[in-house]
Amino acid sequence: MDIDLNKTSAYDYKLPKELIAQNPAEPRDAARLLVVKRNCGVTADRSFRDIKDYLKPGDLLVMNDTKVLPARVLGIKKSGGAKVEIFFLRPSDRDAKSWIALVRPGRKLREGTLVSLGEETDVTVGERLEDGLRVVSFPPDSDPFTVIHRFGTTPLPHYITSTNAKPERYQTVYAKEEKENSVAAPTAGLHFTKQLLADLKQMGVDETFVTLQVGLGTFRPVKAENIKEHIMHHEMCDISKESAEKIKNTKLGGGRVIAVGTTVVRTLESFAAKYGEVREGTLDTQLFISPGYDFKVIDGLITNFHLPMSTLLMLVSAFGGYGTMMEAYNGAVEKGYRFFSFGDSMFIS
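Residues numbered from 1 in each chain as written. Predicted model: local features only at pLDDT ≥ 70, side-chain atom pairs only at ≥ 80, totals over all residues. Heavy atoms only, no water.

Space left empty within the atom packing is revealed by a probe, the size of a water molecule, rolled over the atoms. Taken as a whole, the second largest pocket encloses approximately 310 Å³ of empty space. Considering the residues around the second largest pocket, the lining is formed by 19 residues, among which L89, R90, N181, Q213 and M236 are closest to the centre. Counting only elements with at least two residues in the lining of the second largest pocket, the list comes to β6 (83-91), β12 (180-182) and β14 (235-239). Examining the composition of the lining of the second largest pocket, we find that three residues originate from one element, β6, more than from any other. When grouped by side-chain class, the residues that make up the lining of the second largest pocket number nine nonpolar, six polar and four charged. (1 Å grid on protein atoms, 1.4 Å probe; cavity = no way out; pocket = protein on both sides within 12 Å on 5 of 7 lines; lining within 4 Å. Points joined across faces, edges and corners; volume = space filled by probe spheres on them. Helix = DSSP H or I, 4+ residues; strand = E, 2+ residues; numbered from the N terminus. Nonpolar A, V, L, I, M, F, W, Y, C, P; charged D, E, K, R; others polar.)

Let us now look at the pattern of salt bridges. Here the structure, examined in full by the defined rule, presents 18 salt bridges. We note a salt bridge from D45 to K335, for which the minimum N-O separation is 3.2 Å. With D45 in strand β2 (residues 41-47) and K335 in the loop between α6 (322-334) and β18 (345-348), this residue pair connects regions lying 290 residues apart in the sequence. In this structure K335 comes out as partly exposed when scored by relative accessible area, which is 38%. Among the salt bridges present, the one from R104 reaches E85, with a minimum N-O distance of 3.8 Å. Here the residue R104 occupies a position in strand β7 (residues 98-104), and E85 occupies one in strand β6, the gap between them amounting to 19 residues. (Salt bridge = Lys/Arg side-chain N within 4 Å of Asp/Glu carboxyl O. Buried < 20%, exposed > 50% of the residue type's maximum accessible area, 1.4 Å probe, protein only.)

Here it is in structure tokens:
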């Protein structure tokens, strides 16, 4: 029977709850690695540190150097004392005095509601936006980033309910302080250690960085039965001149551009879709990649295992081949691979 790849249900698979990783592998590169050939199938079961055996001189690893903001803040409604959770997503103005946020319980909070975060610091819950989002404003004399750091915690995904992991384990070893602008980690990169990156460089595998500010767009569930009706949220991404040149020179020299994570894929392919090439600049992307997409930049992908019926699973199905990916996922379940953010890894080439 033919499968309609435009149907969300085509990307479902059965995942036992016990395979959802609650803690990361220790050390980072001890996670398992499933090696997959595009449109062919699984070729090996290894450890992530063995990625060295599948990369070669002339390859270029492209990584997302964003850092996760401690964006989840608990407060108390000034009038009445009810508990309020604010999940800060991104600034909505140039001076970052107002932010777009998820607020719970959002529906019960009128515009203008004051929420106390502690230490005589109040924020104002304001305008209602689409998809349940709100505008939250900070006092004019405050530094919002300082406030968020003082009261916030790292926002782990909802499926991680019991973990011993320290906050730094939900950051890549190459995350940059000045790029602290994401609400979730680019988790494919969590498996790299500094030593592994140094070893790869020694063998002639180059590296470079792009930035995609991971927001809700990457993780929002697909509610439409026809995936073509799904609308991605906006996410900002940027590429430096140095990175653009490295990617261009790698392609010209016959090397492979290996994306570390789906956020890198969306960044590179967004620039190629707009300009016909990867170039220096900043983009506001809503790119949604699903089977049938013509990849213009990447030659390989390092990625974790993604949620059923998610845009991320649709992306890897587009790159690796739908049948190949679904067979690989079902095989990974049978082999006891660990899934999602703190789980194991896959290399598709």
